[in-house]
Amino acid sequence: MSIEGLRTLSELSGANEVQRKGSEELGKTQFLELMIAQLENQDPLDPSKNEDFIAQLAQFSSVEGIENLNSTVDDMATAIRSSLTMEAAALVNREVLIPAERGVVTDTGLSAQIDLPQGATDVRVQVTELSGQRVAEFSLGDRAAGVSDLNWDGLNFDGEPVPSGLYQVSAFVDRGGVQEPATLYLPNRIQGVSIGPAGVQANLLGGDSIRTEEIRQIR
């Protein structure tokens, strides 16, 4: 499924703004009425020149073209909204990887990704309950620069599986004795979607929302 297509809704508000402004300006009917009134009330001793009349006709043609264009844009916006609604509906109940600080742990543990701008040694991961209680901490060892997989078996410090649900997950890199946070792409589940001027928002388990273009992977 293409996520890029979901990003186009953010442009619809701009198109509608163009149409709104166009409706506040002189329409083609009013423009034509003014032209006829001008011809009927012109000074017979000093009639409008042909060049002026042709210029006004050209303006009338431009106004009509703009109105037709606005109508076409409105039709396209309606079609795009319909398409986005169908695509967004297909995301519901799907598991996704997103840049986040909270991820869903299942009975098989946690399958995520870590993104390092440069290689690092002794990358450490901490898993914490939402209440603040740390349940696990482990090392990923040396990691090269770029995106790589991160897997946790879901076992706590005592070697027992933790209950399924949302957990706070963080990763740190030791650079000269300084702990730097690393970017994680954590799993979550889409509970629903909403469409607004900013685009399509994916509503996640736990109440968070994210723009669909931020989704890294759909599982």
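Scroll up for the structure.
All of the points below concern the structure found in this document. (Residues numbered from 1 in each chain as written. Predicted model: local features only at pLDDT ≥ 70, side-chain atom pairs only at ≥ 80, totals over all residues. Heavy atoms only, no water.)

### Describing the overall build of the protein
Here is step 1: Of regular secondary structure, the protein possesses 3 helices and 12 strands.
Here is step 2: Put simply, the protein has 219 residues, and 29% of those count as buried.
Here is step 3: Counting contacts in the protein only where the partners sit at least 6 residues apart, residues at least 24 apart contribute 68% of the total.
Here is step 4: About 12900 Å² of surface is accessible on the protein, with carbon and sulfur atoms providing 50% of the total. (Helix = DSSP H or I, 4+ residues; strand = E, 2+ residues; numbered from the N terminus. Buried < 20%, exposed > 50% of the residue type's maximum accessible area, 1.4 Å probe, protein only. Contact = heavy atoms within 4.5 Å. Areas by Shrake-Rupley, 256 points an atom, 1.4 Å probe, with all protein chains shown as cover.)

### A few points about the pattern of salt bridges
Here is step 1: Under the counting rule described, the total for this entry stands at 8 salt bridges.
Here is step 2: With its nearest N and O atoms 2.9 Å apart, the salt bridge here joins D208 to R102. Highlighted residues: D208 in the loop between strand 10 (199–204) and strand 11 (209–211) and R102 in strand 2 (residues 102–105), separated in sequence by 106 residues.
Here is step 3: A relative accessible area of 35% places D208 in the partly exposed class.
Here is step 4: Of the charged contacts in the structure, one is a salt bridge between R124 and E137, with a shortest N-O distance of 3.3 Å. Pair noted here: R124 is in strand 4 (residues 120–128) and E137 is in strand 5 (residues 134–143), with a separation of 13 residues, a long-range link.
Here is step 5: Overall, the relative accessible area of 29% leaves R124 in the partly exposed class.
Here is step 6: A single salt-bridge network, built from bridges that share partners, covers D122, R124, R134 and E137. (Salt bridge = Lys/Arg side-chain N within 4 Å of Asp/Glu carboxyl O.)

### Some points on the pairing of strand 3 (residues 110–116)
Here is step 1: Burial analysis of strand 3 places 5 of its 7 residues in the buried class, which makes it a mostly covered element.
Here is step 2: Bridging between strand 3 and strand 6 (residues 146–152) involves 7 bridges; their strand directions are antiparallel. The residue bridging I114 from the neighbouring strand is S148, located in strand 6.
Here is step 3: Of the pairings in the sheet, the one linking strand 3 to strand 9 (residues 183–196) comprises 3 bridges and is antiparallel in character. Across the sheet, the residue bridging to Q113 is Y185, located in strand 9. (Pairing = 2+ DSSP bridges.)

### What about the packing of aromatic side chains?
Here is step 1: Applying the stated criterion across every chain yields a total of 1 aromatic pair.
Here is step 2: Between F138 and W152 the ring centres are 6.4 Å apart and the planes differ by 10 degrees, which places this aromatic pair in the stacked class. Taken together, the residues F138 in strand 5 and W152 in strand 6 connect sequence positions 14 residues apart. There is no split in this pair, since F138 and W152 are both buried.
Here is step 3: One residue, R216, lies across the ring of Y185, its end atom 4.5 Å from the ring centre. (Phe/Tyr/Trp six-rings, centres within 6.5 Å; stacked < 30°, edge-to-face > 60°. Lys NZ or Arg CZ within 6 Å of the ring centre and 35° of its normal.)

### Examining the pairing of strand 9
Here is step 1: Two strands pair when backbone bridges link them, and strand 1 (residues 95–99) and strand 9 are joined in this way by 5 bridges, in the antiparallel orientation. Looking at the pairing, E95 lines up with R189 of strand 9.
Here is step 2: In this structure, strand 9 lies alongside strand 10, joined through 6 bridges in antiparallel fashion. Note that in strand 10 the partner of G192 across the bridge is N203.
Here is step 3: In this structure, the hairpin formed by strand 9 and strand 10 is closed by a connection of 2 residues.

These results come straight from atomic positions and should not be treated as a statement about function.
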